[in-house]
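What follows is each chain in one-letter form.
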Amino acid sequence: MNVNMEKSAYENFKDISQDEHIAPGTALCSGCGGLLALRLALKVLGENVVIVNAAGCFTLLSVYPFNPFRSSWMYTAMACAPAGAQGIRDALDILIKKGKVKKEDDLKVVVLTGDGTANDIGLQATSAVLQRNLDFYYLCYDNEAYSNTGFQMSSATPFGSKTNTSVPGGVNPGGTAQKKKDLFEIWRAHKPPYMATIAPSHPVDLSNKFKKAAQFKGPKLFITFAPCPSGWSFDDSKSVEISKLAVQTGIWPLKEAICGELSHTVIPKFKPVETYLVAQERYDHLFHPVKQVDVIRVIKEDIDHYWQPYLGVEPLQDQS
Ligand SMILES: Cc1ncc(C[n+]2csc(CCOP(=O)(O)OP(=O)(O)O)c2C)c(N)n1
Ligand code: SF4
């Protein structure tokens, strides 16, 4: 496959379009990091888009009779957004073939889901469309829990954090005991043409990835870091700061895989991960009343284990 590796389309903030494809004043929380990522993504994708949105927080964007999008939008159950996308893609292809829709009026089909849908309840339908090589975008806003229903643990919830179903205390002072599922690698095993992780604090990186993805026919995955002031308990003005910390500490790698070939688009500064953890109340129990040294060490080791094969140095995080 020919990949256009020319000079990046976006070099700085000024290159990002001033056009807005989603209106302000929605029912989502102020400071929602996932919403910022969606807003930036739509600046690249444009108006000729149909969003297929599985049940979750973002379902509240379109509440009849109001709709903040310039584009089309369809609601599905958690389990079946990719199946909805398949139906829409097939219908568009048939209408274009019959001459009832002009080729230039074709729509990009974009599945929009939370991490609960992406990792758990909707995984089977996703695997099926990957195998069928459906031409679509998949944007998962990873707020690391089932937020819309009260912040319950999902399989994307990070080790050591607190959710309302993995409350620290008693025999489990460290909170969530399970490790986060690796959705990126699950997708990579299906060999889609384009996959990337993104973060709302890195809009130029995000924009370039959406631009690059447009060259590929087939499934295109985007997993965005999605700071959630309500569930993670931090001030809603701090979302971009927390997103930056996630990238700089190495806990949220910014990467892409083109036809399976992996590369990192930002090499972190490896700031101590504590700077990221202390900024959110969902990690308070790791520092008060007793510092959970063993849990913090595991979090640091996991960052090191992730990055060592690519950078070949150790330890990246101060293990003290
Ligand atoms: C099969 C099924 N189980 C449970 C629900 C209830 N439900 C609606 S939204 C939601 C949370 C979705 O979590 P996630 O995909 O992470 O998105 P977020 O809420 O974080 O935006 C749940 C559990 C549902 N709609 N369908
Ligand atoms: S609960 Fe979190 S993910 Fe949901 S709208 Fe609010 S900030 Fe966004």
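Here's a quick rundown of the structure. Per chain, residue numbering runs from 1 following the sequence as it is written. Chain labels run from A onward and ligand labels from 1 onward, assigned in the order the entries are written. Only residues with pLDDT of 70 or above have their local features reported here, since the model is predicted, and side-chain atom pairs are shown and tallied only from 80 upward, although totals for entire chains, interfaces and linings are computed over all residues. To get the side-chain values, all heavy atoms of the structure are used, and hydrogens and water are removed first.

1. Side note on the site of ligand 2
Filter applied, for reference: The criterion for a residue being near a molecule or strand is simple. One of its heavy atoms has to lie within 4 Å of it. Charged residues are taken to be Asp, Glu, Lys and Arg, nonpolar residues to be Ala, Val, Leu, Ile, Met, Phe, Trp, Tyr, Cys and Pro, and polar residues to be all remaining types, Gly included.
For ligand 2, the full set of nearby residues is Leu 28, Cys 29, Cys 32, Cys 57, Asn 143, Ser 147, Cys 228, Pro 229 and Ser 230. A class-by-class count of the residues in the shell around ligand 2 yields 6 nonpolar, 3 polar and no charged.

2. Describing unusual backbone geometry
Here is the rule we go by: Labels follow the DSSP assignment, with helices taken as runs of H or I lasting at least four residues and strands as runs of E lasting at least two, numbered in each case from the N terminus.
Across the junction of Tyr 64 and Pro 65, the peptide omega takes the value 5°, indicating a cis bond. The topology assignment puts Pro 65 in the loop between strand 1 (49-54) and strand 2 (72-76). Residue Pro 289 is reached from His 288 by a cis peptide bond, and omega for that bond is -5°. At Glu 144, a position not held by glycine, the phi torsion is positive, near 65°. Here Glu 144 is to be found in the loop between strand 4 (136-142) and helix 5 (183-188).

3. Section: the side chain of His 285
Here is the rule: Throughout this description, buried means an accessible area under 20% of the type-specific maximum (1.4 Å probe, protein chains only), exposed means over 50%, and partly exposed covers the range between. The criterion used for residue contact is that any of the two residues' heavy atoms lie within 4.5 Å.
With respect to the helices and strands, the residue His 285 is situated in the loop between helix 9 (274-277) and helix 10 (293-311). Take His 285: its relative accessible area is 10%, and that puts it in the buried class. Every residue in contact with His 285, bar those within four places of it in the chain, is listed here: Gly 160, Ser 161, Lys 162, Pro 168, Pro 173, Gly 174, Gly 175, Val 290 and Gln 292.

4. Looking at the sheet that holds strand 7 (residues 255-258)
How we decide: Paired strands, as defined in this entry, are two strands with at least two bridges between them according to DSSP. Only the stretch in contact is used when a helix axis is fitted, and all axes are lines through C-alpha atoms; the angle between N-to-C directions ranges over 0 to 180 degrees.
One open sheet holds the 8 strands; their spatial order is 2-1-3-4-6-5-7-8, and the pairing between them is mixed. With partners counted over all chains shown, the strands left at the sheet margins are strand 2 and strand 8 (261-264), one partner each. Sheet twist, expressed as the average angle between the axes of neighbouring strands with direction ignored, equals 15°. Taken strand by strand, helix 1 (residues 33-45) contacts strand 1, strand 3 (108-114), strand 4 and strand 6 (219-225), and its axis lies near 160° from that of strand 4. Strands strand 1, strand 2, strand 3 and strand 4 of the sheet are contacted by helix 2 (residues 81-97), whose axis makes an angle of about 170° with strand 3.

5. A few points about a nonpolar patch on the surface
The test is simple: Excluding any residue in a salt bridge, patches collect residues exceeding 30% relative accessible area, merging like charges within 9 Å and nonpolar Val, Leu, Ile, Met, Phe, Trp and Tyr side chains within 5 Å. The method behind every accessible area is Shrake-Rupley, applied with a 1.4 Å probe, and residues are considered shielded solely by the protein chains displayed. A pair is scored as a salt bridge if a Lys or Arg side-chain nitrogen falls within 4 Å of a carboxyl oxygen belonging to Asp or Glu.
Taken together, the side chains of Ile 267, Tyr 310 and Leu 311 define a hydrophobic patch exposed on the protein surface, amounting to about 270 Å² of accessible area. Counting through the fold element by element, Tyr 310 comes out in helix 10. Look at Tyr 310 and you get partly exposed, because its relative accessible area is 40%.

6. Examining the pairing of strand 1
Of all 6 residues in strand 1, 6 are buried, a share of seventy percent or more. Burial along strand 1 is two-sided: Val 49, Ile 51 and Asn 53 and Val 50, Val 52 and Ala 54, pointing in opposite directions, are all buried. Where strand 1 lies against strand 3, 5 bridges are found, and the strand directions are parallel. In the sheet register, Asn 53 faces strand 3, and the bridge partner there is Leu 112. Two strands pair when backbone bridges link them, and strand 1 and strand 2 are joined in this way by 5 bridges, in the parallel orientation. When the sheet's bridge partners are listed, Asn 53 is paired in strand 2 with Tyr 75.

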